[in-house]
Amino acid sequence: MKNLLNISDLNQNDFDNIFQFADDLDNQTEKILTNKNIGLIFEKNSTRTRLSFQVGINQLDGNYIDVRFEELNLNRFESYEDTFEVMSCYLDYLVFRTTDHKKLDLANKFFKKPIINALSDLSHPCQAISDLYTLKENFGSINNLNIVWMGDMNNVLFSLLEAISFTNNTKVDVFTDEAIYSLNKDNFNLNKNINFHFNINKEIIAKANCIMTDVFTSMNDKEDKENLLSKFQVNEDIMSLTDKKSVFMHCLPAKIGSEVSEDVIKGEKSIVLAQARNRLVAQKGILKWLSI
Ligand code: CP
Ligand code: NVA
């Protein structure tokens, strides 16, 4: 049975198929999900992920059901086992955003049908797929690129680092705080195309095709990391080091003035709206992959 809890649930063929299906379904409707009921559970806030799944499911002729996490009996005394086994009686697929990846693993243990991770504390596979799709749209290929990630180490970065295995010779240079690195170094697998830096290195940044960032403090974080990470803000000083064709990416929502300056996110190198639009395109690719 197919699931998308982490990028590592995909092999190269799956990944290539999702890209192909996303291409085919861009601006298209197709009756792939007729009579399929898909539960959407969002334990945390969402704008893009929830809406892109809702619209994508509509365009593929399926039904989505918004399951309000806080209203489930799971929040009283019912177990994960009973909750998710019961959900299998009604639903064909589940899209689940949760505070703790362990809850996703539990849901997966008891829900007898496919689950898509709509973001956990450790991973955001739908975002990584969509972001690589946006890079391909922009540069014509996901291979031979230099990606610079600035700031926090979080779910979006961990999935990106996993997804790099589907590219050829694309490198990720991560600029972050050393203490944050120490806390997070076991949350991903290092390989020769991934490097970490704890101080700004202008020569590496100058070679970037893409500068990417995300909020310094994620929904799950208990501590504010603003002070630790402020030196990694993406601003004009950083973007001006890169060449004319480089782009700025951010999964959104952004905290403007924190991880990115307003002139960069609103500037001509920013492709954040293309990224947001491609969430819908990629969700349809993922849903088709899941349903065939
Ligand atoms: N990028 C992303 O997942 O956005 P939402 O939190 O709005 O879904
Ligand atoms: N890292 C962010 C991503 C939001 C889409 C968070 O988890 O809050």
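Residues numbered from 1 in each chain as written. Chains lettered and ligands numbered in written order. Predicted model: local features only at pLDDT ≥ 70, side-chain atom pairs only at ≥ 80, totals over all residues. Heavy atoms only, no water.

(A) Spatial organisation of the side chain of S120. Within the secondary structure layout, S120 lies in the loop between β4 (115-117) and α5 (125-139). A residue is classified by how much of its surface remains accessible, and S120, at 0% relative accessible area, is buried. Ignoring anything within four residues of it in the chain, the contact list for S120 reads T98, H101, L104 and N155. (Helix = DSSP H or I, 4+ residues; strand = E, 2+ residues; numbered from the N terminus. Buried < 20%, exposed > 50% of the residue type's maximum accessible area, 1.4 Å probe, protein only. Contact = heavy atoms within 4.5 Å.)

(B) Inspection of the environment of N155 at higher detail. Of note, N155 is situated in helix α6 (residues 155-163). A relative accessible area of 6% places N155 in the buried class. Put simply, N155 and P125 are 30 residues apart on the chain and 8.6 Å apart in space, counted from C-alpha to C-alpha. Beyond its immediate chain neighbours, meaning those up to four positions away, N155 contacts L119, S120, D121, L122, S123, H124, D214 and S218. Among the polar contacts made by the side chain of N155, one reaches the main-chain carbonyl oxygen of S120 at a distance of 3.0 Å. (Polar contact = N/O pair within 3.5 Å; in protein donor to acceptor, adjacent residues only side chain to side chain.)

(C) Here's a closer look at the side chain of K284. As for its position among the elements, K284 is in helix α12 (residues 272-291). Nearest to the buried, unbridged K284 among oppositely charged side chains is D26, at 6.1 Å. At 2.8 Å, the side chain of K284 forms a polar contact with the backbone oxygen of L25. There is a polar contact of 2.8 Å between the side chain of K284 and the backbone oxygen of Q28. For K284, the residues in contact, after removing those within four places along its chain, are L25, N27, Q28, G56, Q59 and L60. (Lys, Arg positive; Asp, Glu negative; His and termini not counted. Salt bridge = Lys/Arg side-chain N within 4 Å of Asp/Glu carboxyl O.)

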